[in-house]
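Read off the chains here:
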Amino acid sequence: MMFLSMLMLLSVAMHAQITVRGTVRSTEDGTEMQGVSVLVKGTTTGVFTDQNGAYTLRVADGNAVLVFKYYGYMTREVTVGDQTTVDVSLELDVQTTSEVVLIGYGTQKKKDLTGAVVAITSKDFIQGNLNTPEQLIAGKVAGVQITSNGGAPGAGSRIRIRGGASLNASNDPLIVIDGVPVDNNGISGAANPLSLINPNDIESFNILKDASATAIYGSRASNGVIIITTKKGRTGDKLAVNYNAVFSLAQRTGQIEVLSADEFREVVNERGNAAQKALLGNANTNWQDVIFRDAFSMDHNVSLTGATKTMPYRLSVGYLNQNGILKTSNMQRTSAALGLTPSFFDDHLRVDINLKGAYLNNFFADQGAIGSAVAFDPTQPVNVQNEFGGYFEWLDPSTGDPNQLAPRNPLGLLESRRDVSNVLRSIGNAQLDYRFHFLPDLRANLNVGYDISSGQGTRDIPANAAAAFARGGVDAEYDQSKINKTLDFYLNYARDIAAIDSRVDVMAGYSYQDFIRENTDIDLNLSTPADTFTNSYYKTQNTLVSFYGRLNYTFKGRYLLTFTLRQDGSSRFSPENRWGLFPSAAFAWRVVDEAFLRNSSVVSDLKVRLGYGVTGQQDVFSDYPYLPRYTPSENNAQYQFGNNFYQTLRPEGYDANIKWEQTETYNIGVDFGFAQNRITGSVDYYTRNTKDLLSVIPVPAGSNLTNQILTNVGNIENEGVEVTLNFVPVQREKLNFTFGANFTYNQNTITNLTKVADPTFPGILVGGISGGVGNTIQIHTVGFPTAAFFVYRQVYDETGMPVEGLYVDENGDGRITPDDRYRYKSPEPNYFVGASAQLIAGNFSAGFVLRGSIGNYMYNNINSNQGVYRNVTNASNFLANMTPSVLESGFSNNQFFSDYYIENASFLRLDNVTLGYNLGALLNGKLRAQVTAIGQNMLTITKYTGLDPEIAGGIDNNLYPRPRTLSLGINLTY
């Protein structure tokens, strides 16, 4: 009877159990996930998903809770209830995926980092009509300032990591794409070299900011390092086909304020003479409306991701067609990428092969049309019957030819010019990582790569076009090829030493990189009977050779030490000065792992970092600055023999003793997390001291073969604070809200500019402006920030109106001379901020990105050039429009150096807004779809009176406007 009772109870229990089946997918691309742990909460009962992402599990009853876990993804918990099928989608966990971050020549767990390193994955990228990689992370990282160079298709950006450390050498960071340090210099025919990299292929950015992290890259890491990793296939993945499309409409956000036709007539009738009044027309033309348009663009991308038994792969193809809001401007890019990551010999040999290629077609608009549209007389018509293409032009009454002093017809500049280019670029590498069978702790890594580009273009303007009438038209072409070869080899030994509770990780290697550039420029001047033919050709090369090593030592898992040493040799310096030695050291203490915090319910992460390092700089505009050399003369300095003109060779100045510029950096940082890392962040304080600046300085006449020379002189100090905060206020199964903010303070000061102390040395003039010949508005001066504005202090009358030509006598000598100009404000912000948020509620998602800067000032060169009455009163046989600034200042003549035109350009910009809906699984679960609406450059709050307060360098002179862009994105995964 007891035996029968037990059988009955067992039968009832078995009958009460529920069989649950389901499939686990990734929310990133909808693919099935193999190897996901499915566990019944509170028990040891569980299974793993198979290669199709499927699982089957028996649970006691509907109260059972299933826990889904997979490394790199957020853990999900689902109550079974009355369900027999439980399908789950897992979301990428940024905190986990950034646990392993890329550093120079290797990887490291985030918790073990001793330097200032930030990882940004594709989950946090900015969305929309983005054509270059750096736009993906604008405003996302403290200490990283990304300023676009305008709204032209493919326009690049100025990237600064912790401010600039140099005066005339490059301030751009080193960019490494899949192990290949790329050439940041421009490619002929491309507005931006990074425009040939498809952002859709990028998986992550790892940004190395302080010298303890960057010194392993030595000579090219003085301005920080950005490591870009592209998307890969994954072992066990079934074939997934992804299609992503973005359709965009770009529109002007406003226009540069100028006088209307009626306002202009009023000024001319009031101030002009009879001849000038007679020049007025009867039209009412808004020239900016004439040259700008609403621009439609589209971006299509298809990728195939999967794996055979031993060969994960990813193949992608993309096509971008972007029209600019300035008429005739267009960029088309066709790109392809292939990634293979096989492994051999029981995973002892891992191979990573990456091939990327892009073909770019550009139609460049004449951006001079923007300035011409500001200046052109609004009372004149766009078109007339004439021999100059049918465009109204100002003519010289004595000859009937176009007036060479007058502005050109803006639409004529655009439609009469054909400026096209074709650019090819390919970046590829093969990396072999071998873990020795007889000593698994030892690895050998060999990486060979290339970055090859070729750009060709032509520029044609017909002889009857006013813009080229004086020279009989333009017929020019150019051709450039660039080859960058890379070889890296290193050995890495890592071992845990249990006896002393330590881990040792040692690496040593060799690096070789070679750059060859070859250029040809042909310009046919049609104005002379003999057709002056200019053929400029050059070929140049520079090579870097390096030896490097790094030691990482960990004691008790919480005391971390890092030492690096790199020796670089650059062909840009003489054999006596060729080699530079760049060390770094860093220490980190994981306080959270100490006994007094280990079980804290409040503090979930706490680490203190200290770092020091020296990096070098040799990236200047000349490959042979230490050698005497001859270069071809300018086109306007040719020598005539008979009817033919010939270029001459001229000697260039040089410094035989030029050497490395060096930057010494100190960094102290704290990483923290609270409430199970629902609140995380970091604070860093740093100082950067650069000495032996590679600077272009004036030299006494006759002391060299030039009046300015590149040499080592000067020092700059940078000091800053970076704060990053991330919050997860809500984290539930169908409701998730995250918010992140970053804040940066940076201040640079020039501490020396002469080899011998000279308190009377005024500084180095920089910052050329439009108006006059050779005028500059900025200066490098000891004791001030770089490129401070150099202006007169304007005097105002009792009504607050500026008094024309009256300035403060700064030196008290009773005269106003150039010595009375003073240093006023800086174009660089003291503070810049970023903020972003994302909300996921069921199938809906929404987010935004804000960016802003505080303390940056702008020189309004448009007003200083066009905001004066002389455009009418001094005009000869033509009239030019003015900006409303003239009504406020009353200036009759240009006051280029008045501080009246220096304006506060601090701003806050709503840079990106997204609203998405996940359509879920379609076609019986085989297809997943997502639609997203995106707005870019939606709102800007600023006191600056110009069109845009964000211009690199701080001089506003007819920037190609950044448009407001509205986009619709569609993502399909099968």
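Looking at the overall build of the protein
No. 1: Scanning the protein from N- to C-terminus turns up 11 helices and 54 strands.
No. 2: The C-alpha radius of gyration computed for the protein amounts to 32 Å, which stays within 12% of the reference 30 Å derived for 974 residues, consistent with globular compactness.
No. 3: Principal-axis analysis of the C-alpha atoms gives the protein an extent of 125 × 65 × 60 Å.
No. 4: Relative to its full complement of 974 residues, the protein shows a buried share of 51%.
No. 5: Here the analysis covers contacts within the protein between residues at least 6 apart in sequence; of these, 68% occur between residues at least 24 apart.
No. 6: On the protein, roughly 42,500 Å² of surface is accessible, and the fraction owed to carbon and sulfur atoms is 56%.
No. 7: One finds the centroid of the 77 positive side-chain charges in the protein at a distance of 8 Å from the centroid of its 92 negative side-chain charges.

A word on the sheet that holds strand β15 (residues 202-208)
No. 1: Strand order in the open sheet made by the five strands is β10-β15-β16-β13-β14, with mixed pairing throughout. Taken across any chain shown, the strands that pair with only one partner, and hence form the sheet edges, are β10 (117-121) and β14 (180-181).
No. 2: Two elements, β15 and strand β16 (residues 225-230), share six bridges in a ladder whose sense is antiparallel. Counterpart to Leu208 in the pairing with β16 is Val225.

As for the packing of aromatic side chains
No. 1: Counted under the stated rule, the structure contains 28 aromatic pairs.
No. 2: Relative to Phe674, the ring of Phe672 has its centre 5.7 Å away and its plane inclined at 35 degrees; by these criteria the two rings are tilted.
No. 3: Its end group placed over the ring of Tyr869, Arg271 keeps NZ or CZ at 3.6 Å from the ring centre.
No. 4: Over the face of the ring belonging to Tyr822 we find Arg793, whose NZ or CZ atom lies 4.0 Å from the ring centre.

Notes on the pattern of salt bridges
No. 1: Across all of its chains, the model carries 42 salt bridges by this definition.
No. 2: Ionic pairing is found between Asp178 and Lys356, a salt bridge with its closest N-O pair at 2.8 Å. Separated by 178 residues along the polypeptide, Asp178 in the loop between β13 (174-177) and β14 and Lys356 in strand β22 (residues 349-363) bring together distant segments of the chain.
No. 3: Exposure remark for Lys356: the relative accessible area of 10% places this residue in the buried category.
No. 4: For Arg851, the salt bridge is made with Asp911, and the minimal N-O distance between the two is 3.0 Å. Placement of Arg851 in strand β48 (residues 844-854) and of Asp911 in strand β51 (residues 907-922) is noted, with a sequence separation of 60 residues between them.
No. 5: Relative accessible area serves as the criterion here: at 11%, Arg851 is assigned to the buried category.
No. 6: The exposure class assigned to Asp911 is buried, which follows from its relative accessible area of 15%.
No. 7: One network of salt bridges, with partners in common, ties together Arg851, Arg909, Asp911, Asp948, Glu950 and Arg962.

Digging into the layout of surface pockets
No. 1: Approximately 1,200 Å³ is the volume found for the second largest pocket.
No. 2: Lining of the second largest pocket is provided by 44 residues; of these, Tyr538, Phe621, Ser622, Thr631 and Glu652 occupy positions nearest its centre.
No. 3: Mapped onto the lining of the second largest pocket, the elements with two or more residues apiece are β25 (474-497), β26 (502-525), β27 (532-555), β31 (630-632) and β38 (708-712).
No. 4: Here the residues of the lining of the second largest pocket are counted per class, giving 16 nonpolar, 14 polar and 14 charged.

Considering unusual backbone geometry
No. 1: For Asp178, which is not glycine, the phi torsion reads 50 degrees and is therefore positive.
No. 2: Despite not being glycine, Asn677 shows a phi value in the positive range, around 65 degrees.
No. 3: Tracing the backbone through its elements, the reader meets Asn677 in the loop between β35 (661-674) and β36 (679-691).

Some points on empty space enclosed by the protein
No. 1: Tallied over the full model, the rule gives 12 cavities of 30 Å³ or more.
No. 2: Mapped by element, the contributors of at least two residues to the lining of the largest cavity are β11 (144-148), β17 (240-251), β18 (295-307), β19 (312-323), β51 and β52 (927-942).
No. 3: Class assignment for the residues of the lining of the largest cavity results in 10 nonpolar, 18 polar and five charged.
No. 4: Empty space within the second largest cavity amounts to approximately 240 Å³.
No. 5: Forming the boundary of the second largest cavity are 27 residues, of which Gln145, Thr147, Ser853, Phe907 and Glu950 lie nearest the centre.
No. 6: Mapped by element, the contributors of at least two residues to the lining of the second largest cavity are β11, β47 (831-841), β48 and β49 (857-860).

Brief notes about the pairing of strand β9 (residues 106-109)
No. 1: Alignment of strand β8 (residues 100-103) against β9, held across four bridges, turns out to be antiparallel. The residue of β9 that forms the bridge with Val101 is Gln108.
No. 2: Linking two consecutive strands that pair antiparallel, namely β8 and β9, is a turn of two residues; a positive phi of about 60 degrees is found at Tyr105 within it.

Points about the confidence of the model for the protein
No. 1: Mean pLDDT over the protein stands at 90; residues scoring 70 or higher make up 95%.
No. 2: Per-residue pLDDT, averaged within each element of the protein, yields its smallest value for helix α2 (residues 94-97) (46) and its largest for β49 (98).
No. 3: In this model, residues 94-98 is a region of pLDDT below 50 whose contacts with residues beyond four sequence positions or in other chains number 12 contacts.

Side note on helix α7 (residues 368-375)
No. 1: The buried fraction of α7 amounts to seven of the eight residues, a majority that puts the element mostly inside the structure.
No. 2: Those residues of α7 that fall on the buried side of the exposure criterion are Ala369, Ile370, Gly371, Ser372, Ala373, Val374 and Ala375.
No. 3: Looking at the buried side of α7, the elements it contacts are α6 (287-291), α8 (410-415) and α9 (861-866).

What about the sheet that holds strand β50 (residues 902-904)?
No. 1: What the three strands build is an open sheet, ordered β50-β49-β53; its pairing is mixed. Because the sheet does not close on itself, it has two edges, and the strands there are β50 and β53 (955-956).
No. 2: With three bridges connecting them, β49 and β50 associate as antiparallel partners. Opposite Met858, over in β50, you have Glu903 as the bridge partner.

Some points on the side chain of Ser584
No. 1: Of note, Ser584 is situated in strand β29 (residues 579-590).
No. 2: At a separation of 2.3 Å, a polar atom in the side chain of Ser584 contacts the side chain of Thr564.
No. 3: Ignoring anything within four residues of it in the chain, the contact list for Ser584 reads Ala211, Ser212, Ala215, Thr562, Phe563, Thr564, Tyr612 and Gly613.

Side note on the environment of Tyr105
No. 1: Relative to the elements of secondary structure, Tyr105 occurs in the loop between β8 and β9.
No. 2: Separated by 44 residues in sequence, Tyr105 and Asp61 place their C-alpha atoms 52 Å apart.
No. 3: For Tyr105, the contacting residues outside a window of four places in its chain are Ile216, Tyr217, Asp488, Tyr490, Met507, Ser511, Tyr548, Arg550 and Arg566.

What about the nonpolar core?
No. 1: Ranked by size, the top nonpolar core spans 36 residues in total, and within it Phe264, Ile291, Leu326, Trp394, Leu879 and Met882 carry the most contacts.
No. 2: Of all the secondary-structure elements, those providing two or more residues to this core are α4 (261-271), α6, α7 and α8.
No. 3: In contact with Ile291, not counting residues within four places along its chain, are Ile325, Leu326, Lys327, Ala369, Ile370, Ala373, Pro410, Leu411 and Leu414.

Re the pairing of β16
Along any regular strand the residues' side chains alternate between the sheet's two faces.
No. 1: The buried fraction of β16 amounts to six of the six residues, a majority that puts the element mostly inside the structure.
No. 2: With four bridges connecting them, β13 and β16 associate as parallel partners. Residue pairing in the sheet places Val176 in a bridge with Ile227 of β16.

A few points about a nonpolar patch on the surface
No. 1: There is a patch of nonpolar side chains on the surface, built from Val506, Leu551, Leu561, Phe563, Phe587, Trp589, Phe596, Leu610, Ile668 and Tyr685 and spanning about 840 Å² of accessible area.
No. 2: Where the nonpolar patch is concerned, the elements lending two or more residues are β28 (559-570) and β29.
No. 3: With respect to the helices, strands and loops of the structure, Phe563 is situated in strand β28.
No. 4: Given the relative accessible area of 43%, Phe563 is considered partly exposed.

Examining α4
Think of an α-helix as 3.6 residues a turn; residues three or four steps apart then line up on the same face.
No. 1: Listed in full, the buried residues belonging to α4 are Ala261, Phe264, Arg265, Val267 and Val268. Buried residues of α4, viewed axially, fall in a sector of 165 degrees; they line one side. Opposite the buried face of α4, at more than 90 degrees from it, the exposed residues are Asp262, Glu266 and Glu270.
No. 2: Elements that come into contact with the buried residues of α4 comprise α5 (274-278) and α10 (870-873).

A word on the environment of Leu411
No. 1: Mapped onto the secondary structure, Leu411 falls in helix α8.
No. 2: For Leu411, a relative accessible area of 8% translates into the label buried.
No. 3: Sequence separation of Leu411 and Ala369 is 42 residues, and the distance between their C-alpha atoms is 7.1 Å.
No. 4: Setting aside chain neighbours within four positions, we find Leu411 in contact with Val290, Ile291, Lys327, Val382 and Tyr391.

Cut-offs used in this document
- Residues numbered from 1 in each chain as written.
- Predicted model: local features only at pLDDT ≥ 70, side-chain atom pairs only at ≥ 80, totals over all residues.
- Heavy atoms only, no water.
- Helix = DSSP H or I, 4+ residues; strand = E, 2+ residues; numbered from the N terminus.
- Rg over C-alpha atoms; globule rule 2.2 N^0.38 Å.
- Buried < 20%, exposed > 50% of the residue type's maximum accessible area, 1.4 Å probe, protein only.
- Contact = heavy atoms within 4.5 Å.
- Areas by Shrake-Rupley, 256 points an atom, 1.4 Å probe, with all protein chains shown as cover.
- Lys, Arg positive; Asp, Glu negative; His and termini not counted.
- Charge placed at Lys NZ, Arg CZ, Asp CG, Glu CD.
- Pairing = 2+ DSSP bridges.
- Phe/Tyr/Trp six-rings, centres within 6.5 Å; stacked < 30°, edge-to-face > 60°.
- Lys NZ or Arg CZ within 6 Å of the ring centre and 35° of its normal.
- Salt bridge = Lys/Arg side-chain N within 4 Å of Asp/Glu carboxyl O.
- 1 Å grid on protein atoms, 1.4 Å probe; cavity = no way out; pocket = protein on both sides within 12 Å on 5 of 7 lines; lining within 4 Å.
- Points joined across faces, edges and corners; volume = space filled by probe spheres on them.
- Nonpolar A, V, L, I, M, F, W, Y, C, P; charged D, E, K, R; others polar.
- pLDDT = per-residue confidence, 0-100.
- Polar contact = N/O pair within 3.5 Å; in protein donor to acceptor, adjacent residues only side chain to side chain.
- Core = buried A, V, L, I, M, F, W, Y, C linked by side-chain atoms within 4.5 Å.
- Patch = residues over 30% accessible without salt bridge, like charges linked within 9 Å, V, L, I, M, F, W, Y side chains within 5 Å.
- Arc of directions from axis to C-beta.

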